[in-house]
Each structure stands twice: as C-alpha cells, then as structure tokens.
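Below, each chain spelled out in residue letters.
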Amino acid sequence: MTQAQIWVLEIDADLNQCYQKGHQVLGALEQAEIGMYQTIVDKGLASFSRIVPRVLASVFIDCSVLPHEWFFGRTVHGGRYLRGPSGLILNISLADTQKFIVISMSRSSDIGVDIDTISHDLNWRDITTRFFPPCDQKLFDDLPDSMGAQIFMMIWTAKEAFAKATGIKFANVLKKSLSGLTDNGQWSITWFRDDVNTLALCAHPNGLPFTLKKISAASVIALLP
Amino acid sequence: MSLKKLIATVLRVEDEKITDETSTKTLKAWNSTKHVELVMAVEKQYGIRFTTPEIISLQSVRQIEEMLSNRGIQV
C-alpha cells in the first residue's frame, strides 16, 4: 500500500484565477500566511500551494472530506498538516520553483520535499566551502563545473528535504554530511532529476513506497468546487 | 552599498521591495539558496562571520540590521 504520495504540478494556469475560485476553502491561518507576502505574484503562488493540498487530499485521500473541511495546522517545528473531521492527519511538505509546485503527503511518516533548479550563476563552490562539512566538500574534488552543479543540487535538496521532515533548522542540517542524513536507516532520501530540476524526498522508510504523479495546475483548478 | 541595496541585489528584486519588514515569509525570492548567498554577501561586505545560531535567526531585514548593530556596525 502506498504510504506517501507526491504530486508535481506544472504552473500552467493563472494562479490568480485559482485564488478567485478557491480561496474560500482556506482557513484563517492559511489566509494570514498568504497575506504576509508582499507581491501579488507571491500571494498567488502561496494561495495556490495551500489550496491544492486540500483539493488533492479530498480527491485522492478521503473523498468524504470536502476541501474546506480539512483543518490546516503547523507543528511546533513549522511543519504542515491537514486534519480531517474524523481525525485523519496528513503530513504535508511543499516546495516550489517558478515553474513547478511539489506537494508530498503521508499518513504514516513525517515527510520533507524540496525542488530546485540549477542556476548557472549560482556560486555553489563558495557555498560548499562556507557551509558544507569537509567530507561533503571532498565529493566535489576534481569535478568539472557542470557535474559539480548537479551534485550540489542533489546534496542541497536532500538537506532541505531532511530539514523539513525532521524540523531541524536548515543551517544545522547544512553541517551534517550527506551520508549522515539517513541517520542509520531512520530516514530515506530519494531523488528525481531532469536536465534542469532536482527533486528530493525525505521520509521514514515505513513511509515508503510512494507514488509520484505529474499533473497540471489547470486540471487541479478544474476540480475546485 | 547600503544593506537594503545589497539584499535587493542578492535576491534580484527591485530596491523598493526591501523594507525593514521584508523576510523569508514575505518574499518568495528569499529562498534557501538566496539565504546563504545573502549571508555570504553580508559577511563579505561587513568583514564578519556569522555563527550558525545567528544564521538561523537572520530571517528578516530587521534581524540582519539588529545583528549587525549588536556587532557595532551601523547600516
């Protein structure tokens, strides 16, 4: 039985339209968080990334719960969850780029996800030297820049996904070695990559296996009541 | 370069978007990679090195200003 689900949504629709159609499903905490963003574009993305988990939970997890009936909350470590009227709790982790939103959900495991895009002007060598432990820095010895950037993204997204799953502050996670993230088998890291994007998922091994679905933002907006 | 101009440059946003209240929760552009780039840029400009607890707490422009002020640096 699939324990965790991941959706990768391509942002191919007007997010403002999503907000206009879907904002009524959001709770007070979500509205407050959205309201803090300074720009309309950021508000739109923040809204969409909060509306979509509710819709997905109602469609794919528990169809007896309407999107507005989920309670959205934050754990003491800042993690997100949805709780249904029956008490069902879904641990949620989100990540986004300008082109994609990634949403992961698990009933049985704390979960963390991150997606990042290789940026050609990112000074990853300086970041590695300043923030990574020596054992991780050694991974980059003698690597050409193109390969080094890809390795950097894998390590970076893994550490961020781990930080989200565990609640450990990211600045502390940066100092942990990549091999140390799995914590003697307590955590599992999985990557998905294409030429540009790197996605990392961190979950307890009992939170696996998982399914990954790629869907369009437009199709989710069409599901809104 | 002023601190706010430095932050705007690193985050690649217009200068006027950076206020004392700008934070990781108000600008999507202030993501994790930009955060470490910002830390390194501030360290370089002001000749300092932040500790890990300080890096964790540098979540807003105001917090960066206060951190620098605590080190005797006026921005």
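Above this text sits the structure in question.
Counting starts from 1 at the beginning of each chain's written sequence and moves along it residue by residue. By the order in which they are written, chains take letters starting at A while ligands take numbers starting at 1. Local features in this predicted model are restricted to residues of pLDDT 70 or higher, and side-chain atom pairs are both shown and tallied only at a pLDDT of 80 or more, whereas totals for entire chains, interfaces and linings draw on every residue. Neither water nor hydrogens contribute to the side-chain values; these are computed over all heavy atoms in the structure.

1. A few points about helix α2 (residues 32-46) of chain B
All names here are of chain B.
In step 1: In DSSP terms, a helix is any run of H or I states spanning at least four residues, a strand is any run of E spanning at least two, and both are numbered starting from the N terminus. In this scheme, a helix's expected span is set at 1.5 Å multiplied by one less than its residue total. A rise of 1.5 Å per residue sets the reference length of α2, with its 15 residues, at 21 Å; its end C-alpha atoms lie 21 Å apart and thus fit the reference within 8%.
In step 2: In terms of burial, α2 is a largely internal element, 13 of the 15 residues being buried.
In step 3: Following α2 by one or two positions, G47 adopts a phi angle in the positive range, close to 65 degrees. Relative accessibility thresholds used throughout: buried, under 20% of the residue-type maximum; exposed, over 50%; partly exposed, between the two (1.4 Å probe, protein chains only).

2. Description of the pattern of salt bridges
In step 1: When a carboxyl oxygen of Asp or Glu lies within 4 Å of a side-chain nitrogen of Lys or Arg, that pair is called a salt bridge. By the definition in use, this model includes 16 salt bridges over all chains.
In step 2: For R125(A), the salt bridge goes to D145(A), with nearest N and O atoms at 2.7 Å. A residue pair is termed long-range when its members are at least 10 positions apart, and R125(A) in helix α4 (residues 124-131) and D145(A) in helix α6 (residues 145-166) qualify at 20 residues.
In step 3: E14(B) is the partner of K17(B) in a salt bridge, and the nearest nitrogen-oxygen pair spans 2.7 Å.
In step 4: Note on K17(B): relative accessible area 24%, which makes it partly exposed.
In step 5: It is possible to trace a salt-bridge network through shared partners that takes in E33(A), R50(A) and R74(A).

3. Topic: the environment of I6(A)
All names here are of chain A.
In step 1: The residue I6 is located in strand β1 (residues 4-10) in this model.
In step 2: Linking I6 and G22, residues 16 residues apart in sequence, is a C-alpha distance of 21 Å.
In step 3: Setting aside anything within four residues of it in sequence, one finds I6 in contact with V102, I103, S104, F192, L201, F210, T211, L212 and K213. Throughout, a contact is declared for two residues whenever any of their heavy atoms are within 4.5 Å.

4. Describing the nonpolar core
In step 1: We call a set of buried Ala, Val, Leu, Ile, Met, Phe, Trp, Tyr and Cys residues a nonpolar core when their side-chain atoms join them within 4.5 Å. Grouped together as the largest cluster of nonpolar side chains are 53 residues, with contacts concentrated most on F131(A), F152(A), V42(B), F50(B), I64(B) and L68(B).
In step 2: Of all elements in the fold, only α4, α6, α7 (170-174) and β8 (197-203) of chain A together with α1 (3-11), α2 and α4 (61-70) of chain B reach the threshold of two or more residues within this core.
In step 3: No other element matches the ten residues that α6(A) contributes to this core.
In step 4: In this structure, I64(B) is in contact with L3(B), I7(B), W30(B), L38(B), V42(B) and L58(B), ignoring residues within four places of it in sequence.
In step 5: Core analysis: the second largest hydrophobic core is formed by 32 residues, W7(A), I34(A), F72(A) and L224(A) among them.

5. Some thoughts on the interface of chain B and chain A
In step 1: Taken together, the contacts link 19 residues of chain B with 24 residues of chain A.
In step 2: Summed over both partners, the accessible area lost on bringing two parts together, with a 1.4 Å probe, is the buried area. Interface area, chain B with chain A, both sides summed: about 2000 Å², of which 60% is carbon and sulfur.
In step 3: The partner of K28(B) in a salt bridge is D96(A), and the shortest N-O contact between them spans 2.9 Å.
In step 4: In protein, a polar contact means a hydrogen-donor-capable atom and an acceptor-capable atom, both N or O and within 3.5 Å, with residues adjacent in sequence counting only if both atoms are side-chain atoms; elsewhere, any N or O pair within 3.5 Å suffices. Taken together, the connections running from chain B to chain A amount to ten residue pairs in polar contact (both at pLDDT 80 or more).
In step 5: Elements that contribute at least two residues to the side of chain B that touches chain A include exactly α2 and α3 (52-57) of chain B.
In step 6: Considering each element in turn, the side of chain B that touches chain A owes the most residues, seven residues, to α2(B).
In step 7: Note on residue categories: nonpolar means Ala, Val, Leu, Ile, Met, Phe, Trp, Tyr, Cys or Pro, charged means Asp, Glu, Lys or Arg, and polar means any other residue, Gly included. Considered class by class, the residues forming the side of chain B that touches chain A number seven nonpolar, five polar and seven charged.

Interpretation note: all reported values are geometric properties and have no functional meaning in isolation.
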